[in-house]
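Residue-level listing of the chains:
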Protein chains: 2
Amino acid sequence: MSAGKRTPRRTPGIRDVAAAAGVSVTTVSHVLNDTPHTRTADETKIRVKEAAARLGYQPNRLARGLRTQASGMVGLVTEEIATTPHAGRIILGAQEEASRHNLTLAIINSQLNHAPEVGSREVQAFLDRQVDGLIYATVYHDVVVPPEELLSVPAVLIGARDIGGKIPSVMPDERGGAASVVEHLVAAGHRRIAFAATAIDVPATRGRLLGFRDGMLAAGLDPDEFVVEAEPEAAGGYAATHALLGAGRSSAARPTAVFCYNDRMAMGAYRAIAELGLAVPTDVSVVGFDNQDPIPTSLFPALTTVALPHYELGAAAVEAIIRLKTEGGADLPEASEPQLLSCPIVERGSVAAPVRGTAA
Amino acid sequence: MSAGKRTPRRTPGIRDVAAAAGVSVTTVSHVLNDTPHTRTADETKIRVKEAAARLGYQPNRLARGLRTQASGMVGLVTEEIATTPHAGRIILGAQEEASRHNLTLAIINSQLNHAPEVGSREVQAFLDRQVDGLIYATVYHDVVVPPEELLSVPAVLIGARDIGGKIPSVMPDERGGAASVVEHLVAAGHRRIAFAATAIDVPATRGRLLGFRDGMLAAGLDPDEFVVEAEPEAAGGYAATHALLGAGRSSAARPTAVFCYNDRMAMGAYRAIAELGLAVPTDVSVVGFDNQDPIPTSLFPALTTVALPHYELGAAAVEAIIRLKTEGGADLPEASEPQLLSCPIVERGSVAAPVRGTAA
DNA sequence: CTGAAAGCGCTTACAG
DNA sequence: CTGAAAGCGCTTACAG
């Protein structure tokens, strides 16, 4: 409609807007950015805005970034994202929180790294792009030794602590989540509660077992009576459950509930329970951990489990970045004390009161 | 060690390198970028490289991007990434392929959008960042109507076709994958093969059913005899399997294999089969689709299923972007014909020969 | 209330 | 073989 004589091939720049509005680029910049401490006549403002809208002007973020020394990007490096169930939700949480602050999230995957050293190639790639902040997400390490460059920009760790104590971190409160499961089971009337644990060396292993013990102790129960170890897979849960409920045990010596280290184990537990001719939750209650899609809702009855706050972890990480940027940084409390995000129980159908009341 | 009198607070720029090497920035740029059609004395090259290394010089990609009009970023907008199982693998494939080409992947999530219009806010956000290419990934639509701006840059769709036929796309060959399952089952000796289908309106539904029919027809079998519809969840697979194998049917009229629309349904099928006192795969073979972690390996016996090439989809999308950038674009064949990526069967333990040979 | 000018850190004709 | 200079598209003191 409002076509000039030739279609501008390039996308319009601030200069085009200035020309169209009959003002300087300075003025265009001020009105479009609402620069503080700047007065512009309302009539001028309107002219500028109209011109910008008419031309479909969109500021070039690269240019702005170069000038302001702020790219408006935050980089997320994830350690072997593909192997983490639901890493997608960490990314989503980080991305949406970033968007809320007008930031763009960029991603680089780091090879699974059994050494605790954070890949510095990945960090450097982001630094070259002048990211405003850096998030490093890991699942395999308690503690991580980040490359020195990481300190040159606001940074936060997900799921691990900085060995140097300089970089703040956010992590799931696995211990608290596990303790709350015991509490939940005790409230339902259980006293003989088993834990199907694992020996795999990841932070979650220790946290969940500790939480189980916290809960048992708090309820005045023996935390060691029904703990068995197995591999953290369905087969392990199957084996553990057979060991717990199988032949050797008299029914009065059997646990009435089994809390599994993860949902995959719970899946195996269901199968073992069915084989034993028992039913969930009537004969035995079971609880999982991870809320690992699609297990809990695909099991029958649906599995009560504990959710990992993946989305929240991602979002909290970028919130922390923002805080570091604005508040300055070095002296933030988070650096020393990791921020723990709670792991809520999601109740479904696998917990009920035990068949017969159990005496203390 | 080689410290000057004051630690440079800022990161070194090309000017610092030039000064350190005693040459012009032009020369530094040429040697560091290996600019073609340019001669530089070897001795000079060495001096420059040493100076760059000594200072730890890293070129500022923002500045380079502004100058070259190429940001070195490709943008991925995913539609509701979180709800797609394994969207993480699409991201991973795209990211790694991008890295191979020295590109960085940025991500924006788009709200799940039941209309086929692609969100133009997300696209615009990337355009503002001068991305070199744009990928739009969807799972809920066959065909999508992209905003006009999407054409202003090399773009490719994952999992959907452009209604305008201008944007190339890559998608999984669900139909071929389903057909190969039937072939696999026939080769194992099955002739009475059931399909637990669904009516949900997503592209996968039609493709898989079509593939099932292709396979049955190719084997000279009736494609309609054992098709039942159910919801695409464990409960649906359970119901469908009961309908297929349950009371009403004489054993000779029962299918010997059930191919489930997805792995969740297969999970329900296992449960129904166990309830019926039958065993997988001795009495009935079952095959899933999706290779949805952690189902296939958590089931006993492990589930034979069809894998979706998520990683490959992501990688192929950025490959297509690269091709569009170099080869020019508009006249590429992909634009009209989607690139189909094969969905391979992953054989595990849930298929065996049927108990008794079945006559034609 | 508005604008001319410098400059962010690079790359790239162009000249020598 | 090497360098001076322009310019990518913005923002921001500074001056008027």
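Being a predicted model, the structure only gives us computed values, none of them experimental. (Residues numbered from 1 in each chain as written. Chains lettered and ligands numbered in written order. Predicted model: local features only at pLDDT ≥ 70, side-chain atom pairs only at ≥ 80, totals over all residues. Heavy atoms only, no water.)

What follows deals with the protein's contact with DNA strand D. In the neighbourhood of DNA strand D, 27 residues make up the surrounding shell, with R67 of chain A together with T26, R39, T44 and R67 of chain B lying closest. When atoms of DNA strand D within 4 Å of the protein are sorted by moiety, sugar and phosphate together comprise 64%. Within the contact set of DNA strand D, a phosphate oxygen lies 2.8 Å away from a backbone nitrogen or oxygen of I14 of chain A. Between DNA strand D and the protein, one listed contact pairs a phosphate oxygen with a side-chain N or O atom of T44 of chain B at 2.6 Å. (Near = heavy atom within 4 Å. Polar contact = N/O pair within 3.5 Å; in protein donor to acceptor, adjacent residues only side chain to side chain.)

What follows is about the relation of the copies chain A and chain B. The two copies are related by a screw operation: chain A maps onto chain B through 180° of rotation and 0.0 Å of translation along the axis, at an RMSD of 0.0 Å. Seen this way, the second copy is the image of the first under a two-fold rotation axis. No C-alpha of chain A lies nearer the rotation axis than that of A106 of chain A, which sits 2.0 Å from it. (Least-squares fit on C-alpha atoms with pLDDT ≥ 70 in both.)

The next point concerns the environment of L276 of chain A. All names here are of chain A. Position of L276 relative to the elements: it lies in the loop between α10 (263-275) and β11 (285-287). Given a relative accessible area of 30%, L276 falls into the partly exposed group. Between the C-alpha atom of L276 and that of L245, which follows or precedes it by 31 residues, the distance is 8.1 Å. Apart from the residues lying within four places of it in its own chain, the contact partners of L276 are H242, L245 and G246. (Helix = DSSP H or I, 4+ residues; strand = E, 2+ residues; numbered from the N terminus. Buried < 20%, exposed > 50% of the residue type's maximum accessible area, 1.4 Å probe, protein only. Contact = heavy atoms within 4.5 Å.)

Of the residues lining the interface, 44 residues belong to chain A; the matching set on chain B comes to 42 residues. Interface of chain A and chain B: buried area, both sides summed, is about 3,900 Å²; carbon and sulfur atoms make up 62% of it. Put simply, chain A and chain B have 0 salt bridges between them. Viewed at the interface, chain B and chain A are joined by 15 residue pairs in polar contact (both at pLDDT 80 or more). For the side of chain A that touches chain B, the secondary-structure elements that each account for two or more residues are α4 (61-68), α5 (87-100), β2 (104-110), α6 (120-128), α10 and α11 (295-298) of chain A. (Buried area = accessible area lost by both parts, 1.4 Å probe. Salt bridge = Lys/Arg side-chain N within 4 Å of Asp/Glu carboxyl O.)

All names here are of chain B. Relative orientation of the contacting elements helix α9 (residues 234-245) and helix α10 (residues 263-275) amounts to 45°, with a least axis distance of 6 Å. What the angle tells us is that α9 and α10 run oblique. Along this stretch, α9 crosses α10, giving a crossing that reads as right-handed. Taking contact as the criterion, the partners of A234, G236, G237, Y238, T241, H242 and L245 in α9 are, on α10, R264, M265, G268, A269, R271, A272, I273 and E275. Among the residues making up the contact of α9 with α10, the classes are represented as 7 nonpolar, 5 polar and 3 charged. (Axes fitted to C-alpha atoms, helices over the stretch in contact; angles between N-to-C directions. Parallel < 35°, antiparallel > 145°, perpendicular 65-115°, else oblique. Left-handed = near helix turned anticlockwise from the far one by under 90°. Nonpolar A, V, L, I, M, F, W, Y, C, P; charged D, E, K, R; others polar.)

This paragraph deals with the nonpolar core. Judged by nonpolar contacts, the single largest core of 86 residues is most densely connected at F259 of chain A together with F259 of chain B. For F259 of chain B, the contacting residues outside a window of four places in its chain are A178, V181, A194, F195, A196, F212, V287, G288 and F289 of chain B. Counting residues in each nonpolar core, the second largest holds 46 residues, with I91 and I135 of chain A together with V170 and L313 of chain B among its members. (Core = buried A, V, L, I, M, F, W, Y, C linked by side-chain atoms within 4.5 Å.)

Using the criterion set out here, one finds 8 aromatic pairs over all chains in the structure. An aromatic cluster is defined as three or more aromatic residues linked by ring pairs; in this entry it consists of F195, F212, F259 and F289 of chain A. Against the face of Y238 of chain B rests R271 of chain B, its NZ or CZ located 3.9 Å from the ring centre. (Phe/Tyr/Trp six-rings, centres within 6.5 Å; stacked < 30°, edge-to-face > 60°. Lys NZ or Arg CZ within 6 Å of the ring centre and 35° of its normal.)

A few words on the protein's contact with DNA strand C. Of all residues adjacent to DNA strand C, which total 27 residues, the nearest are T26, R39, T44 and R67 of chain A together with R67 of chain B. Within 4 Å of the protein, the contacting atoms of DNA strand C are drawn from sugar and phosphate to the extent of 64%. In this structure, R67 of chain A approaches DNA strand C through a main-chain N or O atom, which is 3.3 Å from a base oxygen. Sorting the residues of the surface near DNA strand C by element identifies α2 (25-33) and α4 of chain A together with α1 (14-21), α2 (25-33) and α4 (61-68) of chain B as the ones contributing at least two each. Broken down by class, the residue content of the surface near DNA strand C amounts to 7 nonpolar, 14 polar and 6 charged.

Glancing now at the sheet that holds strand β10 (residues 257-260) of chain A. Two orientations exist for strands paired in a sheet by backbone hydrogen bonds: parallel and antiparallel. Residue and element names in this part refer to chain A. Reading across from one edge, β9-β8-β10-β11 is the order of the 4 strands in this open sheet, with parallel pairing throughout. With one partner strand each, in any of the chains shown, β9 (227-229) and β11 form the two edges of the open sheet. Adjacent strand axes in the sheet meet at a mean angle of 20°, parallel and antiparallel pairs treated alike. Sheet analysis places strand β8 (residues 193-197) next to β10, joined by 4 bridges and oriented parallel. What sits directly across from F195, in β10, is F259. Against the sheet, helix α8 (residues 203-218) makes contact with β8, β9 and β10, and its axis sits at roughly 170° relative to β8, the strand it touches most. (Pairing = 2+ DSSP bridges.)

The next point concerns the side chain of E122 of chain B. Residues and elements named next belong to chain B. Here E122 shows up in helix α6 (residues 120-128). Despite its burial, E122 pairs with no opposite charge, the nearest such side chain being R121 at 4.7 Å. Those residues within four positions of E122 in sequence are excluded, and the remaining contacts are V77, I108, N109 and S110. (Lys, Arg positive; Asp, Glu negative; His and termini not counted.)

All names here are of chain A. Structurally, N291 is set in the loop between β11 and α11. A C-alpha to C-alpha distance of 6.9 Å links N291 and L308, two positions 17 residues apart in sequence. The residues contacting N291, other than those within four sequence positions of it, are H86, D263, P296, T305, V306, A307, V346 and R348.

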